[in-house]
Amino acid sequence: MLLELKGVKKVYQSGGVSFPALRGVDLRVEEGEMLSIMGPSGSGKSTLLHLLGLLDRPTEGEYLLLGKPTSALSEEERAYLRNRFVGFVFQAFFLLPRLSAVENVEVPMAYAGIPRQERHRRALALLERVGLLDKAKSLPNQLSGGQRQRVAIARALALNPPLLLADEPTGALDSKAGEEIMALFQALNRDGTTVIIVTHEPLVAEKTRRIVRVRDGEIVADERRGQGGGR
Amino acid sequence: MVAAEPGKGVGLRGKVGLSLEEVVHIALRAIATNPLRSALTALGVVIGVAAVVALTMVGQGTTQRITSLLEGLGTNLLTVGPAQGGRGPGGGLVRFGGPATLPLSDAHAIRETFPQEVVGVAPVAQGNFQLKYGVNNLRATVVGTWPDFAQVRNADPERGSFFTQEDVDLRRRVAVIGYGVAQDLFVGEDPLGQRLRIGGMPFTVVGVLPDKGDQGFASVNYQVFVPLSTYLQRLARLEAGEPKVNAIYVQGADRNHLKELQERLTQFLAERRGLVDPSTYDFSITNQQDALQSVNQTTLVMTLFLGGVAAISLLVGGIGIMNIMLVSVTERTREIGVRKALGARPKDILAQFLAESVVLSVGGGVLGVGLGLLMARLVGQAIGVSPVFSPLSAGVAFLFAIFVGGFFGLYPAWRAARLDPVEALRYE
Ligand SMILES: Nc1ncnc2c1ncn2[C@@H]1O[C@H](COP(=O)(O)OP(=O)(O)OP(=O)(O)O)[C@@H](O)[C@H]1O
Ligand SMILES: [Mg+2]
């Protein structure tokens, strides 16, 4: 079992009002799976993904990673896992605005202690893989939305993480680029990477064997099908 | 496989983190991103360090100059001068220029009454006169005195010799000239044996003093010494009555009894005048040792005071750094969130922001030392002091600047380090 959520709740407090974004989620994901999370806007998909990516902590319930409770992890250990275990593609990309595309891809590798030369070489290879080698030196504000998204994907793949979490990774892409990215994810999944994708697009979700449906902070369906990609 | 190699089979625990070089690199980039703001942030430290460096340099230069000036004036020196209100630094050397008030007979009386305790007596009367040699003109201070002056005030000629008692007795028109006078008036010629005109009166040069260095006021380099008798008769054009002098220099025999001699002379001169109440004394005696001490004390107090002011300005510079760093942490909340999401530990974020403030303050420190040297030179030139560079005070100011950067950078960096990643990412 790669990861498991047990009765996870997430309540946001803002301005004295508390909002339950997740109201008791149970989810198990095996190593090597590829699944999509679908649901209406505001249903808690990003919240769920943030929890899985150790960016946030559940208000209630437990998140087990490789069978071990994550609540016991120190900030340092969480940082390590975010760096090496999880690759995260944000819905809003979150590229560092002052760094060029290739430098953005290098950031996780810098925190992993990879020497500059090596890191630069690998970052260029990753950009080539997402079809953006010619934009390596461009700053994020010189890139289109789709191009930024691809830089964000290259960055998430920088340390070849065992778990890839992608929040609407094809949202800003045309269908051709979107298909290319999905093909890339499928290839990674065939090599053993566990891939979890949040998406609105049924065409994208169809490419995964398992679809988890979320509504109002709860999992309302967990469909597994024989056809499609993944295992 | 190397630990840095990416790949599968990553465990739950392990080491990540930036090297120091990496941290500094990130900091430098952040600083370069906003050069004007960075420069303004560092400015407080630049000014603080520059102030410490410049003030201590000028302060030490002043102390050294006054000390060497006082010491160059002769040893075991007591100066009898007109009554004075306070005894400021340099007392006993510059009460020139005022009217001559001391009766010359005091000098004779001191010589006769204290033959053991006093080894030299040199009364001086002086005024400014036009010097002329050939076509060259120069205005200089002409001092009439006794031959003891050479010994009492460390004024042995480098060439030729000082005038003698016989010259005084016979009122000869001979002169010993300062180094600067020799240079400027005799340009290239040997002054010895030449005749120059002082206030129109011809005098023969019998001695040239060595270069005493530029001592600013009362520079011996621009003085001319003539027998007192000649001076009083020919130059001061004294009318009838008791001749008066500006000051009387007295050299004590024994350094350890200088204080005692000072008291005895005071007593003696008061009795000669029939004065009892010290507040009515029309003369005063200053001790070179006192002057030295009070100079040292005054400059020490000044240096400490100014150093304190400078240190406060450094502190203000530190607060400036803290202020900007806090703003910068707020502005870069999103960046911090992204970095944390990508694997930055709290330590890495702390190091990044701390490095930024330390780089700013170190940069400020380096510029400050440079600017301080420049300021010291300019101020030194303006007030005629050659500043003394003290590696210690520059080093201390520099280290203090680094400390200020580290100390005041710590809080903003700590704030950045403990930001929650998701919260930080949400920040608009
Ligand atoms: N920090 C927060 N404070 C308060 N409410 C929050 C916070 N974060 C999210 N929420 C709320 O939680 C709910 C779920 O948000 P989430 O971002 O997970 O939605 P989502 O399913 O990803 O939607 P979308 O498809 O539009 O991206 C939303 O109603 C949102 O307003
Ligand atoms: Mg979302």
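Note that this is a predicted model, so its numbers are computed, not measured.

Participant: I'd like to hear about the nonpolar core, residue by residue, with values.
Facilitator: Ile37(A) and Ile196(A) are the most contacted members of the largest nonpolar core, which totals 72 residues. The biggest single contributor to this core is helix α2 (residues 35-72) of chain B, with 8 residues. Listed in part, the 66 residues of the second largest apolar core include Val80(B), Ala155(B), Met201(B) and Leu265(B).

Participant: Outline the interface of chain B and chain A, listing residues and values.
Facilitator: Taken together, the contact pairs 39 residues of chain B with 42 residues of chain A. Taken over both partners, the interface formed by chain B and chain A buries close to 3700 Å², and the fraction arising from carbon and sulfur atoms is 59%. Our enumeration of links across chain B and chain A arrives at 5 salt bridges. Salt-bridge contacts for Glu76(A) lead to Lys347(B); the nearest nitrogen and oxygen are separated by 3.5 Å. On the surface where chain B and chain A come into contact, there are 10 residue pairs in polar contact (both at pLDDT 80 or more). Going through the elements one at a time, α1 (20-33), α10 (333-341), α11 (346-383) and α13 (421-426) of chain B are the ones with two or more residues in the side of chain B that touches chain A. Grouping the constituent residues of the side of chain B that touches chain A by class yields 16 nonpolar, 8 polar and 15 charged.

Participant: I'd like a rundown of empty space enclosed by the protein, residues and numbers included.
Facilitator: Applying the stated criterion across every chain yields a total of 3 cavities of 30 Å³ or more. Taken as a whole, the second largest cavity holds about 80 Å³ of empty space. Together, Arg82(A), Asn83(A), Val86(A), Gly87(A), Phe88(A), Pro108(A), Arg155(A), Ala156(A), Leu159(A), Pro161(A), Ala341(B) and Leu342(B) line the second largest cavity. Where the lining of the second largest cavity is concerned, the elements lending two or more residues are α2 (75-84), β6 (86-89) and α5 (145-156) of chain A.

Participant: Mind laying out the site of ligand 1, listing which residues take part and the relevant values?
Facilitator: The immediate surroundings of ligand 1 are formed by 15 residues, with Ser41(A), Lys45(A), Ser46(A), Thr47(A) and Arg426(B) found nearest. The local environment of ligand 1 is shared, drawing residues from chains A and B. Between ligand 1 and Gly44(A), the relevant distance is 3.0 Å, taken from an oxygen atom to a main-chain nitrogen or oxygen of the residue. Note that an oxygen atom of ligand 1 is positioned 2.9 Å from one of the side-chain N or O atoms of Gln91(A). Summarising the interface, the protein chains cover 76% of the accessible area of ligand 1, which totals 630 Å² for the free molecule. Taken atom by atom, the bulk of ligand 1 overlaps the second largest pocket. Those elements that place two or more of their residues in the shell around ligand 1 are β1 (3-14), β2 (17-29) and α1 (45-52) of chain A. Counting residues per element, the shell around ligand 1 draws most heavily on α1(A), at 3 residues.

Participant: I'd like a description of the packing of aromatic side chains, backed by residues and values.
Facilitator: Counting across every chain of the model gives 15 aromatic pairs over all chains. Three or more aromatic residues link up through ring pairs in this structure, and these residues are Phe149(B), Phe162(B), Phe163(B), Phe225(B) and Tyr249(B). The lysine or arginine in question, Arg153(B), covers the ring of Tyr249(B), its NZ or CZ lying 4.2 Å from the ring centre. The positively charged end of Arg426(B) is found above the aromatic ring belonging to Tyr12(A), 5.9 Å away from the centroid.

Participant: Could you give me a rundown of the sheet that holds strand β10 (residues 218-224) of chain A, with the residues and numbers involved?
Facilitator: Residues and elements named next belong to chain A. Pairing is mixed in the open sheet, where 6 strands are placed in the order β6-β7-β8-β3-β9-β10. Only two strands of the sheet have a single partner each, and these edge strands are β6 and β10. Between one strand axis and the next, the sheet turns through 15 degrees on average, direction left out of account. As paired strands, strand β3 (residues 34-38) and strand β9 (residues 210-215) are joined by 4 bridges and run parallel to one another. Within the sheet, the bridge partner assigned to Ser36 lies in β9 and is Ile211.

Participant: Please give an account of the pattern of salt bridges that cites residues and values.
Facilitator: Taken as a whole and judged by the stated rule, the model has 32 salt bridges over all chains. Here Glu22(B) makes a salt bridge to Arg116(A), at a shortest N to O gap of 2.9 Å. With Glu22(B) in helix α1 and Arg116(A) in helix α4 (residues 116-129), this residue pair bridges two chains. What makes Glu22(B) buried here is its relative accessible area of 8%. Judged by relative accessible area, which is 31%, Arg116(A) ranks as partly exposed. We note a salt bridge from Glu356(B) to Arg332(B), for which the minimum N-O separation is 3.1 Å. Of this pair, Glu356(B) sits in helix α11 while Arg332(B) sits in the loop between α9 (288-331) and α10; the two residues are 24 residues apart in sequence, bridging distant segments of the chain. By relative accessible area, Arg332(B) is classed as buried at 15%.

Participant: Describe a nonpolar patch on the surface, listing the residues and the values that go with them.
Facilitator: On the surface, Leu36(B), Leu40(B), Leu43(B) and Ile47(B) cluster together to form a nonpolar patch covering roughly 400 Å² of accessible area. Within the fold, Leu43(B) resides in helix α2.

Participant: Quick one: what's the story with the domain arrangement of chain A, residue by residue and with numbers?
Facilitator: Residues and elements named next belong to chain A. You can read the domains of chain A as domain 1 (1-85 + 161-231) and domain 2 (98-159). Here the C-alpha centre of domain 2 lies 23 Å away from the C-alpha centre of domain 1. Between domain 1 and domain 2, the contact holds 14 residues from the first and 13 residues from the second. With both sides pooled, the region where domain 1 packs onto domain 2 buries about 1100 Å², and carbon together with sulfur makes up 65% of that total. In this structure, the connection of domain 1 to domain 2 is made through 4 residue pairs in polar contact (both at pLDDT 80 or more). The dominant element in the side of domain 1 that touches domain 2, judged by the number of residues it contributes, is helix α6 (residues 175-190), at 4 residues. For the side of domain 1 that touches domain 2, the class distribution of residues is 9 nonpolar, 3 polar and 2 charged.

Participant: An account of the coordination of the magnesium ion (ligand 2) is requested, with residue identities and associated values reported.
Facilitator: Coordination of the magnesium ion (ligand 2) by the protein involves Ser46(A) (OG) and Gln91(A) (OE1), with metal-donor separations of 1.9 to 2.3 Å. Remark: Gln91(A) occurs in the loop between β6 and α3 (101-111) and Ser46(A) occurs in helix α1; sequence separation between them is 45 residues.

Participant: Give a detailed account of the environment of Val220(A), specifying residues and quantitative values.
Facilitator: Residues and elements named next belong to chain A. By the secondary structure assignment, Val220 is in strand β10. Remark: the alpha-carbon pair of Val220 and Gly39, spanning 181 residues in sequence, is separated by 9.4 Å. Residue contacts for Val220: discarding those within four places in its chain leaves Arg213, Val214 and Arg215.

So, how was this worked out
Residues numbered from 1 in each chain as written. Chains lettered and ligands numbered in written order. Predicted model: local features only at pLDDT ≥ 70, side-chain atom pairs only at ≥ 80, totals over all residues. Heavy atoms only, no water. Core = buried A, V, L, I, M, F, W, Y, C linked by side-chain atoms within 4.5 Å. Buried < 20%, exposed > 50% of the residue type's maximum accessible area, 1.4 Å probe, protein only. Helix = DSSP H or I, 4+ residues; strand = E, 2+ residues; numbered from the N terminus. Contact = heavy atoms within 4.5 Å. Buried area = accessible area lost by both parts, 1.4 Å probe. Salt bridge = Lys/Arg side-chain N within 4 Å of Asp/Glu carboxyl O. Polar contact = N/O pair within 3.5 Å; in protein donor to acceptor, adjacent residues only side chain to side chain. Nonpolar A, V, L, I, M, F, W, Y, C, P; charged D, E, K, R; others polar. 1 Å grid on protein atoms, 1.4 Å probe; cavity = no way out; pocket = protein on both sides within 12 Å on 5 of 7 lines; lining within 4 Å. Points joined across faces, edges and corners; volume = space filled by probe spheres on them. Near = heavy atom within 4 Å. Areas by Shrake-Rupley, 256 points an atom, 1.4 Å probe, with all protein chains shown as cover. Sits in = over half its atoms within 2 Å of the grid points. Phe/Tyr/Trp six-rings, centres within 6.5 Å; stacked < 30°, edge-to-face > 60°. Lys NZ or Arg CZ within 6 Å of the ring centre and 35° of its normal. Pairing = 2+ DSSP bridges. Axes fitted to C-alpha atoms, helices over the stretch in contact; angles between N-to-C directions. Patch = residues over 30% accessible without salt bridge, like charges linked within 9 Å, V, L, I, M, F, W, Y side chains within 5 Å. Domains from an automatic or database assignment. Donors = N, O, S within 2.8 Å, 3.2 Å for Na, K, Ca; no water.

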